[in-house]
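# Commentary on secondary and tertiary structure
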Amino acid sequence: MKLINIIALLLVFYGLHGYANDQTSITSIDSLSYAQFTAGDWDGLIETAELAKRNNIDFKWLQQRVGYAYFIKKQFYKSMLHYEKALDYDPADEISRLYLYYNGQNTGRTAFARFHASRLSESNLKQIGEKRLRIADAIDLEYSFKMPDNPDIHQAHYMRLGLNSQIGYKLSLYQSFSTFNQNTDTTQTWQNEYFVLLGWNPTAKTNISIGYHSVGSKVIYGSDSFYYPGNIFYGKITQQLNRFDLALSGASFDNDWLGSKQLGIHLGINSAGRNNINLTTSYYRIIETGLNYSTGQNYSYGRNVIKQTAGIMLFNRLWTEAYVNLGNLNQFIDNNGLYFYNSPDPTIFRSGISGFWYIIKPLTIYLNYNYDTKELLTTDMTYNQHSITGGLIWKI
């Protein structure tokens, strides 16, 4: 710390010490916090902000300074909170907007970050490299290899290509094309899918998503072929409350012989320190209806699915996520409508772990392992399946 900064801190502290607790002034807090800010005394600055709070003192520059202190300490949610308070004093202040953008990027909240980017000047937008329109914002590739331990069921393959587009600072569009195939001793199954999801942020912390998922299944049994086209409509609304995420999702699937309705409630909590810990609990209620071909009667029954996810950042560039699913995943719609599970041998228990390695700024590669307990609907027999999935995400 430079000598002049130390002297400034001592002088201001001496002046401040002379006040009684109920006589602490805006001027003294301003002087002390500014000296601590210029000296890089982040812990001292945070203590000064606490002193000001106890004495009902608050102003824009204090919130910006302590917000920056938390930003430097990588306490991004606390930093976000203080810059939002600074914004209450001056909604047009670009410093507050800029650091809310940085906080959003550091917590993986791209929609939040771009919402604040929409209020920045052209010079600041050029500095951070944000554009209103990015038709090819990012592409992702995925391949999955599934290995059942039942000798009557062959290995399965899943491939997917995705494209994300930013069609405005508050609008995003994601599209995905995928194919799945698996054989048994008696059947061959192919499924081609197209998925599109439109996301809109009416406010910085509110996201509304609507999606459509086309499912085309073809099953060959002996010399007979059967085609089952289906449609999924998906919607979700998410509200961020500082480090908490509350969301409600709904989905509807139908084809010529069955349908399902799905309602999901989601609660997430985030801690963006050095390890950026995330915990999310989701509860789903699925109501399935259809025709029982054995009896010729219609059926309808409901079931519950619970998903628990825990994520942590390791070694600064490795995001690790573990999860467990409890419940029958037949006709289950997951990951904001991207994945649909409709096989004749549905998963009744799933656990897995994923790792995302940020190799360089535009490139992320990931690897996933899944362990599934699956049940054959025709025989009630269960078996286990191991899945390895690899992929990459390229930010263009």
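Everything discussed here concerns the structure shown above.
These notes cover the structure that comes with them.

Definitions and cut-offs
Residues numbered from 1 in each chain as written. Predicted model: local features only at pLDDT ≥ 70, side-chain atom pairs only at ≥ 80, totals over all residues. Heavy atoms only, no water. Helix = DSSP H or I, 4+ residues; strand = E, 2+ residues; numbered from the N terminus. Buried < 20%, exposed > 50% of the residue type's maximum accessible area, 1.4 Å probe, protein only. Contact = heavy atoms within 4.5 Å. Areas by Shrake-Rupley, 256 points an atom, 1.4 Å probe, with all protein chains shown as cover. Lys, Arg positive; Asp, Glu negative; His and termini not counted. Charge placed at Lys NZ, Arg CZ, Asp CG, Glu CD. Pairing = 2+ DSSP bridges. Phe/Tyr/Trp six-rings, centres within 6.5 Å; stacked < 30°, edge-to-face > 60°. Lys NZ or Arg CZ within 6 Å of the ring centre and 35° of its normal. Core = buried A, V, L, I, M, F, W, Y, C linked by side-chain atoms within 4.5 Å. Polar contact = N/O pair within 3.5 Å; in protein donor to acceptor, adjacent residues only side chain to side chain. Axes fitted to C-alpha atoms, helices over the stretch in contact; angles between N-to-C directions. Parallel < 35°, antiparallel > 145°, perpendicular 65-115°, else oblique. Left-handed = near helix turned anticlockwise from the far one by under 90°. Nonpolar A, V, L, I, M, F, W, Y, C, P; charged D, E, K, R; others polar. Expected span 1.5 Å × (residues − 1).

## Some details on the overall build of the chain
- Broken down by element type, the chain carries 8 helices and 16 strands.
- The C-alpha extent of the chain, read off along each of the three principal axes, is 90 × 40 × 35 Å.
- Per-residue burial for the chain yields a buried fraction of 46% across its 396 residues.
- Considering only residue pairs separated by 6 or more positions, the chain has 50% of its internal contacts joining residues 24 or more positions apart.
- Taken as a whole, the chain presents about 20600 Å² of accessible surface, with 60% of it coming from carbon and sulfur.
- Charge separation in the chain, taken as the distance between the mean sites of 34 positive and 32 negative side-chain charges, equals 8 Å.

## Here's the deal with the pairing of strand β1 (residues 134–148)
- In this structure, β1 lies alongside strand β2 (residues 153–166), joined through 10 bridges in antiparallel fashion. Across the sheet, the residue bridging to aspartate 140 is glycine 162, located in β2.
- The hairpin turn running from β1 into β2, its antiparallel successor, is 4 residues long.
- The sheet contact formed by β1 and strand β16 (residues 382–395) spans 11 bridges and is antiparallel. Its bridge partner being in β16, lysine 146 is matched across the sheet by serine 387.

## With respect to helix α7 (residues 110–117)
- Burial analysis of α7 places 6 of its 8 residues in the buried class, the great majority of the element.
- Among the residues of α7, Phe112, Ala113, Arg114, Phe115, His116 and Ala117 are the ones counted as buried.
- Buried-residue contacts for α7 involve α5 (76–89), α6 (94–106), α8 (122–128), β2, β4 (187–203) and β6 (224–241).

## Topic: the packing of aromatic side chains
- Counted according to the given criterion, the structure contains 21 aromatic pairs.
- Summarising the aromatic geometry, the rings of phenylalanine 71 and tyrosine 99 are spaced 5.3 Å apart at their centres and angled 80° between planes, so their arrangement reads as edge-to-face. Placement of the pair is phenylalanine 71 in helix α4 (residues 60–72) and tyrosine 99 in helix α6, with a sequence separation of 28 residues.
- For phenylalanine 71, a relative accessible area of 16% puts it in the buried group.
- For tyrosine 99, a relative accessible area of 18% gives the class buried.
- Aromatic ring contacts, followed pair by pair, group Phe37, Trp42, Tyr68, Phe71, Phe76, Tyr83, Tyr99, Tyr101 and Tyr102 into a single cluster.
- Seen from the ring of tyrosine 323, lysine 307 lies directly overhead, with NZ or CZ sitting 5.7 Å from the centre.
- Of note, arginine 350 hangs over the ring of tyrosine 341, and the distance from its end group to the ring centre comes to 4.7 Å.

## Some points on the nonpolar core
- In this structure, Phe195, Ile232, Tyr234, Phe253, Ile333, Leu338 and Phe340 are the most contacted members of the largest nonpolar core, which totals 16 residues.
- Residues within four places of phenylalanine 253 in sequence aside, it is in contact with Gly230, Asn231, Ile232, Leu258, Gly259, Ser260, Gln331 and Phe340.
- Counting residues in hydrophobic clusters, the runner-up holds 13 residues, among them Ile46, Ile57, Val66 and Ala69.

## Here's the deal with the side chain of arginine 109
- Along the chain, arginine 109 turns up in the loop between α6 and α7.
- Setting aside anything within four residues of it in sequence, one finds arginine 109 in contact with Tyr77, Gly104, Gln240, Asn242, Asp245 and Asn270.

## Here's the deal with the environment of asparagine 103
- The residue asparagine 103 is located in helix α6 in this model.
- Between the alpha carbons of asparagine 103 and aspartate 140 there is a distance of 24 Å; along the sequence they are 37 residues apart.
- Beyond its immediate chain neighbours, meaning those up to four positions away, asparagine 103 contacts Phe71, Phe76, Ser79, Met80 and Tyr83.

## Thoughts on the pairing of β2
- Pairing of β2 with strand β3 (residues 171–184) involves 12 bridges; the strand directions are antiparallel. Bridge pairing in β3 links alanine 156 to glutamine 182.
- Linking β2 to β3, which pair antiparallel, is a turn of 4 residues.

## Considerations on the side chain of lysine 60
- Inspection of the secondary structure puts lysine 60 in helix α4.
- On the basis of relative accessibility, which here comes to 13%, the residue lysine 60 falls in the buried class.
- Side-chain polar atoms of lysine 60 contact the side chain of aspartate 90, separated by 3.3 Å.
- Those residues in contact with lysine 60 that sit more than four places away from it in its chain are Ala86, Tyr89, Asp90 and Asp93.

## Topic: the packing of helix α2 (residues 26–39) against α4
- In the contact formed by α2 and α4, the axes pass within 10 Å of each other and the chain directions differ by 30°. On the basis of the axis angle, α2 is roughly parallel to α4. The chirality of how α2 crosses α4 is left-handed. For the pair α2 and α4, contact is made by Ile29, Asp30, Ser33, Tyr34 and Phe37 and by Leu62, Arg65 and Tyr68, respectively.
- Residues of the contact of α2 with α4, tallied by class, amount to 5 nonpolar, 1 polar and 2 charged.

## A word on helix α3 (residues 42–54)
- Over its 13 residues, α3 runs 19 Å from end to end, which matches the ideal 18 Å to within 8%, given 1.5 Å per residue.
- Within α3, the full set of buried residues consists of Trp42, Gly44, Leu45, Ile46, Thr48, Ala49, Leu51 and Ala52.
- Just downstream of α3, asparagine 56 is the residue with a positive phi angle, here 55°.

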